[in-house]
Amino acid sequence: MRMIDLIEKKQHDEALTTDEIKWMIDQYTKEVIPDYQMSAMAMAIYFKGMTEEERSALTMAMVESGDQIDLSAIEGVKVDKHSTGGVGDTTTLVLAPLVASVGVPVAKMSGRGLGHTGGTIDKLEAIPGFHVELSQNDFAELVNKNKVAVVGQSGNLTPADKKLYALRDVTGTVESIPLIASSIMSKKIASGADAIVLDVKTGAGAFMKNVEQARELAETMVKIGKSVGRDTMAVISDMSQPLGNAIGNGLEVKEAIDTLKGEGPEDLTELCLVLGSQMAYLGGAASSLEDAREKLEANLHNGKALAAFKVFVEAQGGDATVADDPDGVLPAAAFTKDIISKENGVVSEIVADQVGIAAMMLGAGRETKESEIDLSAGLYLHKKVGDKVSEGDSIATLYSNKEIKEEVVSKVLSNIRLSETGTEPTLIYDIIQ
Ligand code: URA
Ligand code: CA
């Protein structure tokens, strides 16, 4: 086979065969096919798209390019959840113990934050003593015993995707739905889940800026998952404003604890119930999505979800008293500052990516992979879209261990927009199954 022939085939809008895709990804991973030929292919795919068969073949070729995690030592249907990335997205911290509390094993591999989006691993490390380095054996044992464990990414998962993603990033080929879908699904499949729940975000803080694009991405990923034997469902959820009220690692741990007590922000609670219902249903703990939701809701109010959180934290070395006394256990910021509204109105928009960047400037995120993060830093929104504001109200509180600069204050203030009537926020746009 010759790469030039495959590039021209795609350029003429012909579908590549599974063998051709396998060969291409294998040779690219081994650095036989150079970056410049792969860039031309990515651009051809960007313009011509891929058929269902091609997308599944590409996904599996990337899965097979590296290690695949074997979760067979864990009993039951292993369900994974993936979010396409957002600001203040605390769902995993809530979902892992909540779904475990109804008996579904949650064997979660998570990442760190980069740029204006956070990562579950950083958030968990705000709990003193919590560690995410577990051997395969310890990981499986913990999930079998407690139904939940979270580990950091390790091993050589989907090296083809790593190379291809870096190449797409510098060749204008990131925003191609078949390439995004196969990239995300290859990582989920290589990490060993039997079933996958996808949270596809839409809005200013997300990759997919509008609902139509988000729906197309969600449908594409669900088809890929099903075609390779993994039960897959997707939720299209709003990321035009940050999720919940807290943005920042320690602040989000506290918000997750409140939610597990049934006292969390409305939007975060609702999204966790929707995603959690899918996980519990796919995991076989409920006869329908409605039945799953009832069980989850009950556990948010009867203490079982919080109890599962304590067991989970303690098993990974963390201080479980954080559940009863978050303020006493989580890192505290040296500086805080209230953002005071200068006008009356109703909140019409909280620009998620900009507010995420403000949290990062306070120390909650990394500018580069090597930056140290301030686990106490971030911001707390006292108002969300649709809430009334009067002049003099505190609309947000900022937290940091470095002195809070005027630049950050004005960034937050200018990105919480008021109007006379406001707008009603939508949280869930669609469910794809
Ligand atoms: N996230 C991924 O993992 N891959 C993409 O291609 C885009 C977003
Ligand atoms: Ca949040």
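Residues numbered from 1 in each chain as written. Chains lettered and ligands numbered in written order. Predicted model: local features only at pLDDT ≥ 70, side-chain atom pairs only at ≥ 80, totals over all residues. Heavy atoms only, no water.

- Per an unreviewed UniProt entry, the chain carries the name Pyrimidine-nucleoside phosphorylase and comes from Alkalibacterium olivapovliticus.
- Recorded under Sequence similarities (unreviewed entry), the UniProt text for the chain is reproduced unchanged: "Belongs to the thymidine/pyrimidine-nucleoside phosphorylase family."
- What UniProt states about the chain under its Subunit (unreviewed entry) heading is, verbatim, "Homodimer." (UniProt positions renumbered as here; feature names shortened; annotations may be inferred.)

**As for the overall build of the chain**
Right, on to step 1. Scanning the chain for helices and strands turns up 17 helices and 13 strands.
Right, on to step 2. Here the chain has a C-alpha radius of gyration of 22 Å; the compact-globule value for 433 residues is 22 Å, and the two agree.
Right, on to step 3. Seen along its three principal axes, the alpha-carbon backbone of the chain occupies a region of about 70 × 45 × 40 Å.
Right, on to step 4. A total of about 17800 Å² of accessible surface is found on the chain, and carbon and sulfur atoms cover 47% of it.
Right, on to step 5. Taken together, the 42 basic and 66 acidic charged side chains of the chain have centroids lying 2 Å from each other. (Helix = DSSP H or I, 4+ residues; strand = E, 2+ residues; numbered from the N terminus. Rg over C-alpha atoms; globule rule 2.2 N^0.38 Å. Areas by Shrake-Rupley, 256 points an atom, 1.4 Å probe, with all protein chains shown as cover. Lys, Arg positive; Asp, Glu negative; His and termini not counted. Charge placed at Lys NZ, Arg CZ, Asp CG, Glu CD.)

**Looking at the sheet that holds strand 6 (residues 246–247)**
Where strands meet in a sheet, backbone hydrogen bonds hold them as pairs that are either parallel or antiparallel.
Right, on to step 1. The sheet built from four strands is open, its strands ordered 6-9-11-7 with antiparallel pairing. The sheet is open, and its two edges are formed by strand 6 and strand 7 (335–340), each paired on a single side.
Right, on to step 2. Bridge count between strand 7 and strand 11 (residues 394–400): six bridges; the pairing is antiparallel. The residue bridging lysine 337 from the neighbouring strand is leucine 398, located in strand 11.
Right, on to step 3. Across the face of the sheet, helix 16 (residues 352–364) comes into contact with strand 6, strand 9 (378–381) and strand 11 while running at roughly 135° to strand 9. (Pairing = 2+ DSSP bridges. Contact = heavy atoms within 4.5 Å. Axes fitted to C-alpha atoms, helices over the stretch in contact; angles between N-to-C directions.)

**A word on the site of ligand 1**
Right, on to step 1. Surrounding ligand 1, one finds Tyr165, Arg168, Ile180, Ser183, Ile184, Lys187 and Phe207.
Right, on to step 2. Measuring from an oxygen atom of ligand 1, one finds a side-chain N or O atom of arginine 168 at 2.9 Å.
Right, on to step 3. Between ligand 1 and lysine 187, the relevant distance is 2.5 Å, taken from an oxygen atom to a side-chain nitrogen or oxygen of the residue.
Right, on to step 4. In isolation ligand 1 offers 240 Å² of accessible surface; the protein chains occlude 86% of this area.
Right, on to step 5. Of all the elements in the fold, those that place two or more residues in the shell around ligand 1 are helix 8 (159–169) and helix 9 (177–190).
Right, on to step 6. Counting residues per element, the shell around ligand 1 draws most heavily on helix 9, which supplies four residues.
Right, on to step 7. Of the residues assigned to the shell around ligand 1, the class counts are four nonpolar, one polar and two charged. (Near = heavy atom within 4 Å. Polar contact = N/O pair within 3.5 Å; in protein donor to acceptor, adjacent residues only side chain to side chain. Nonpolar A, V, L, I, M, F, W, Y, C, P; charged D, E, K, R; others polar.)

**Side note on the environment of threonine 202**
Right, on to step 1. Locating threonine 202 in the fold gives a position in strand 4 (residues 195–202).
Right, on to step 2. Along the backbone, threonine 202 and glutamine 241 are 39 residues apart, and their C-alpha atoms lie at a distance of 10.0 Å.
Right, on to step 3. Within polar-contact distance, the side chain of threonine 202 engages the backbone oxygen of asparagine 210 at 3.3 Å.

**Remarks on the coordination of the calcium ion (ligand 2)**
Right, on to step 1. Binding of the calcium ion (ligand 2) to the protein goes through Gly88 (O), Thr90 (OG1), Leu243 (O), Ala246 (O) and Glu255 (OE), at separations of 2.3 to 2.9 Å.
Right, on to step 2. Read from N- to C-terminus, the donor residues coordinating the calcium ion (ligand 2) fall into the pattern G-x1-T-x152-L-x2-A-x8-E. Residue glycine 88 is located in the loop between strand 1 (79–83) and helix 5 (91–100), and its partner alanine 246 is located in strand 6; the two are separated by 158 residues in the primary sequence. Comparing glycine 88 with alanine 246, the two get one shared label, buried. (Donors = N, O, S within 2.8 Å, 3.2 Å for Na, K, Ca; no water. Buried < 20%, exposed > 50% of the residue type's maximum accessible area, 1.4 Å probe, protein only.)

**Brief notes about the packing of helix 5 against helix 14 (residues 304–315)**
Right, on to step 1. At a minimum axis distance of 8 Å, the contact between helix 5 and helix 14 shows a crossing angle of 100°. Our classification of the angle between helix 5 and helix 14 gives roughly perpendicular. Contacts between helix 5 and helix 14 pair Leu93, Pro97 and Leu98 from the former with Ala305, Ala308 and Phe309 from the latter.
Right, on to step 2. Looking at the contact of helix 5 with helix 14 residue by residue, the classes come out as six nonpolar, no polar and no charged. (Parallel < 35°, antiparallel > 145°, perpendicular 65-115°, else oblique.)

**Observations regarding the UniProt feature "domain: Pyrimidine nucleoside phosphorylase C-terminal" (unreviewed entry) in the chain**
Right, on to step 1. UniProt records the feature "domain: Pyrimidine nucleoside phosphorylase C-terminal" (unreviewed entry) for residues 346–419 in the present numbering.
Right, on to step 2. The annotated region residues 346–419 carries 31% helix and 30% strand content, and the separation between its end C-alpha atoms amounts to 5 Å.

**Some words on the sheet that holds strand 12 (residues 416–419)**
Right, on to step 1. Pairing in this open sheet of three strands is antiparallel, and the strands run 10-8-12 from one edge to the other. Edge positions in the sheet fall to strand 10 (388–389) and strand 12, since each of these pairs with one other strand and no more.
Right, on to step 2. Two elements, strand 8 (residues 345–350) and strand 12, share four bridges in a ladder whose sense is antiparallel. Pairing of isoleucine 350 across the sheet is with isoleucine 416, part of strand 12.
Right, on to step 3. Against the sheet, helix 17 (residues 406–415) touches strand 8 and strand 12, its axis set at about 40° to strand 12.

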